[in-house]
Amino acid sequence: QVQLVESGGGLVQAGGSLRLSCAASGRTFSTYGLGWFRQAPGKERETVAGISRSGGSTRYADSVKGRFTISRDNAKNTVYLQMNSLKPEDTGVYYCAADRNLLYSSDYVQMSTARYDFWGQGTQVTVSS
């Protein structure tokens, strides 16, 4: 079991940047694939970015490619989402999640929300125009 706590959300103007952090409990952080997700009002939760257990592979939603960067620091049990050139459509509650499935390669990046096992409580990001 792992507990996840997001931080770093807030209000920012379009074109600005934010860095989200997600701190995890437990001593097995390096065995989890990790992802960032967001949910806007009235919309389904969508995958924003994922990173493999090894940290060597990442994937992004088309809408954020070139603007967002996911990274992990296993020594700090933390995953980050650097968000640059923010747009009003990036507004939503951002969640991090952990995937404990060890059947995949350590370089596999899980992008399906249904496959993630543990979720944080979310942090609000609001981008004003």
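One can find the structure itself at the top, above this paragraph.
Let us now look at the state of the cysteines. Counted according to the given criterion, the structure contains one disulfide. What pairs with Cys-22 in a disulfide is Cys-96, and their sulfur atoms sit 1.9 Å apart. Between Cys-22 and Cys-96 the disulfide shows an S-S torsion of about 45 degrees. By sign, it is right-handed. Remark: Cys-96 occurs in strand β9 (residues 92-99) and Cys-22 occurs in strand β3 (residues 18-24); sequence separation between them is 74 residues.

By the secondary structure assignment, Val-5 is in strand β1 (residues 4-7). Residue Val-5 is classed as partly exposed on the basis of its relative accessible area of 48%. Contacts of Val-5, omitting those with residues within four sequence positions, involve Ser-21, Cys-22, Ala-23 and Gln-121.

Turning our eyes to something else, we now look at the packing of aromatic side chains. Tallied over the entire structure, the rule returns six aromatic pairs. Between the aromatic rings of Tyr-32 and Phe-118, the centroid separation amounts to 6.0 Å while the plane-to-plane angle is 80 degrees, which identifies the pairing as edge-to-face. Of the two residues, Tyr-32 sits in the loop between β3 and β4 (33-39) while Phe-118 sits in strand β10 (residues 118-119), which places them 86 residues apart along the sequence. The pair Tyr-32 / Phe-118 is uniform in exposure class, with both members buried. With a centroid separation of 6.5 Å and an interplanar angle of 75 degrees, the aromatic rings of Tyr-95 and Trp-119 are classed as edge-to-face. A residue pair is termed long-range when its members are at least 10 positions apart, and Tyr-95 in strand β9 and Trp-119 in strand β10 qualify at 24 residues.

Our next topic: the environment of Ser-128. The topology assignment puts Ser-128 in strand β11 (residues 123-128). Each C-alpha atom of the pair Ser-128 and Ala-49 lies 22 Å from the other, and the pair is 79 residues apart in sequence. Leaving out residues up to four positions away in the same chain, Ser-128 has contacts with Leu-11, Val-12, Gln-13 and Ala-14.

With antiparallel pairing, the four strands of this open sheet are ordered in space as β1-β3-β8-β7. Each edge of the open sheet carries a strand with a single partner, namely β1 and β7 (68-73). Strand-to-strand, the axes of this sheet are offset by a mean angle of 15 degrees, without reference to chain direction. Here β3 runs beside strand β8 (residues 78-83); their pairing, made up of six bridges, is antiparallel. Across the sheet, the residue bridging to Leu-20 is Leu-81, located in β8.

Another aspect to go through is the pairing of β3. Here β3 lies mainly inside the structure; five of its seven residues are buried. Relative to β3, β1 runs antiparallel, the two being bridged by four bridges. Bridge assignment links Ser-7 to a residue of β3, and that residue is Ser-21.

Rules behind the numbers
- Residues numbered from 1 in each chain as written.
- Predicted model: local features only at pLDDT ≥ 70, side-chain atom pairs only at ≥ 80, totals over all residues.
- Heavy atoms only, no water.
- Disulfide = S-S within 2.5 Å.
- Helix = DSSP H or I, 4+ residues; strand = E, 2+ residues; numbered from the N terminus.
- Buried < 20%, exposed > 50% of the residue type's maximum accessible area, 1.4 Å probe, protein only.
- Contact = heavy atoms within 4.5 Å.
- Phe/Tyr/Trp six-rings, centres within 6.5 Å; stacked < 30°, edge-to-face > 60°.
- Pairing = 2+ DSSP bridges.
- Axes fitted to C-alpha atoms, helices over the stretch in contact; angles between N-to-C directions.

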